[in-house]
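An overview of the molecular structure
If you want the building blocks of each chain, they are given just below.
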Amino acid sequence: ATPMSIMTATGRGAQAGVLIKNAEALERFEKVDTLIVDKTGTLTEGKPRLVAVVAENGHDETEVLRLAASLERGSEHPLAEAIVRGAEERGVELAAAGDFEAVTGKGVKGTVDGRAVALGNLAMIRELGLEAGGLTEKANGRRDEGETVMFVVVDNGVAGLVCVADPVKETTPDALKALHELGFRIIMATGDNERTAKAVAARLGIDEIRADVLPEDKARIIQELQQQGRKVAMAGDGVNDAPALAQADVGIAMGTGADVAIESAGFTLVKGNLDGIVRARRLAHGTMRNIR
Ligand code: ADP
Ligand code: MG
């Protein structure tokens, strides 16, 4: 493209809330056929809320929440914030935690009031040598509603569940519809559980899901698609998404997301809404057509 047409596109993009890093990003985007989208913070608002606490094996709901939230104060994960806020809103008084450890893609563990406490996904439970047992069915029921469910372990036994819901952004359904009409294959990648992922994907008509994905796996998934000859754009918001944004033919960051994600991306959607991608595609197409 000519410098002039690129400048015009960049200016129009900025007006429409799409920051375009360089001409190459715009050129490459015209060839993209596959769009990978992160779930949390990209399709959803990324502001999860605590919606339920389940206690089992003789434990008490408030106590399960108190132990879980006390431990989660040590974590900066959005799920942790939801649990801490949920406890505070319910007037639960939190205790100091010790030996805090975050296990990437799985959960957290430590001690509260001298008791061993852990919470996270099934991988976390398994790492502790435990099984979900009777809570599996309850967990699955909530996941089918699109909720993220975490198991709480106290003194080396499964004590309950904390369930968190993260609403889909208002703009997401229409944006995905328009992106489909533009011919993109849309794949959702998430560290969340497959059941939760399926529930969210089904509502949005997403073509394919990759769930239970560890942070380092997102870049590898993109690389595999590229080796199959696909041109891949990746939309994400988190620190974890940065390697994948860099690996993609075009990385698309949410302006509402982490700085490192924005630095790794070719496009930034200022408002963090996927409809920005629809506008970017029209711009890329218009620019390239003008110079042919
Ligand atoms: P993503 O941001 O793509 O949803 P993550 O890799 O951050 O995925 O997390 C994957 C899963 O690991 C979460 O769905 C949750 O079950 C568990 N997890 C991660 N961090 C925490 C935490 N601080 N507390 C409880 N569970 C966690
Ligand atoms: Mg995210």
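Calculation notes
Residues take numbers from 1 onward in each chain, read along the sequence in its written order. Here chains are named by letter from A upward and ligands by number from 1 upward, in the order in which they appear as written. Reporting in this predicted model follows two pLDDT cut-offs: at least 70 for local features of residues, and 80 or more for side-chain atom pairs to be given and counted; totals over whole chains, interfaces and linings ignore these cut-offs and use all residues. Numbering of helices and strands runs from the N terminus; a helix is a DSSP stretch of H or I covering at least four residues, while a strand is a stretch of E covering at least two. Partly exposed residues are those whose C-beta has more than 12 but fewer than 20 other C-beta atoms within 10 Å; with 20 or more the residue is buried, with 12 or fewer it is exposed, and the C-beta atoms are placed from the backbone. By definition, two strands form a pair when at least two bridges between them are found by DSSP. As a rule, the C-alpha atoms of each element are fitted with a line to give its axis, helices using only the stretch in contact, and angles between N-to-C directions run from 0 to 180 degrees. Contact between residues is assigned whenever the C-beta positions, reconstructed from backbone atoms, fall within 7 Å. Any residue whose C-beta atom, as set from the backbone, lies within 6 Å of a molecule or strand is reported as near that molecule or strand. Residue polarity follows a fixed list, in which Ala, Val, Leu, Ile, Met, Phe, Trp, Tyr, Cys and Pro are nonpolar, Asp, Glu, Lys and Arg are charged, and the others, Gly among them, are polar. Residue ranges assigned to each domain were obtained from an automatic or database domain assignment.

Under an unreviewed UniProt entry, the chain has the name Copper-translocating P-type ATPase and belongs to Nitratireductor indicus C115.

Attention now moves to the overall build of the chain. Within the chain one finds 13 helices and 13 strands. The C-alpha extent of the chain, read off along each of the three principal axes, is 70 × 30 × 30 Å. Counting over 292 residues, the chain shows a buried share of 47%.

Attention shifts here to the sheet that holds strand β4 (residues 97–103). If you walk across this open sheet you meet the six strands as β3-β8-β7-β6-β5-β4, and the pairing is antiparallel. The sheet terminates laterally at β3 (49–55) and β4, the two strands that pair on one side only. Averaged over all pairs of adjacent strands, the angle between their axes in this sheet comes to 20°, without regard to strand direction. Note: strand β5 (residues 107–112) against strand β6 (residues 115–120), six bridges, orientation antiparallel. Paired with G110 across the bridge in β6 is V117. Across the sheet, helix α5 (residues 78–89) lies against β3, β7 (148–154) and β8 (157–165), angled at about 75° from β3, the strand it touches most. Contacting β3, β7 and β8, helix α7 (residues 135–143) runs over the sheet at an angle of about 5° to β8.

Looking now at the site of ligand 1. Neighbouring ligand 1 are 20 residues; S75, H77, G107, N121 and G191 lie closest to it. The set of elements that each furnish at least two residues to the shell around ligand 1 consists of α5, β5, β6 and β7. A per-class count over the shell around ligand 1 returns six nonpolar, eleven polar and three charged. Taken domain by domain, the makeup of the shell around ligand 1 includes at least three residues from each of domain 1 (3–45 + 168–291) and domain 2 (49–165).

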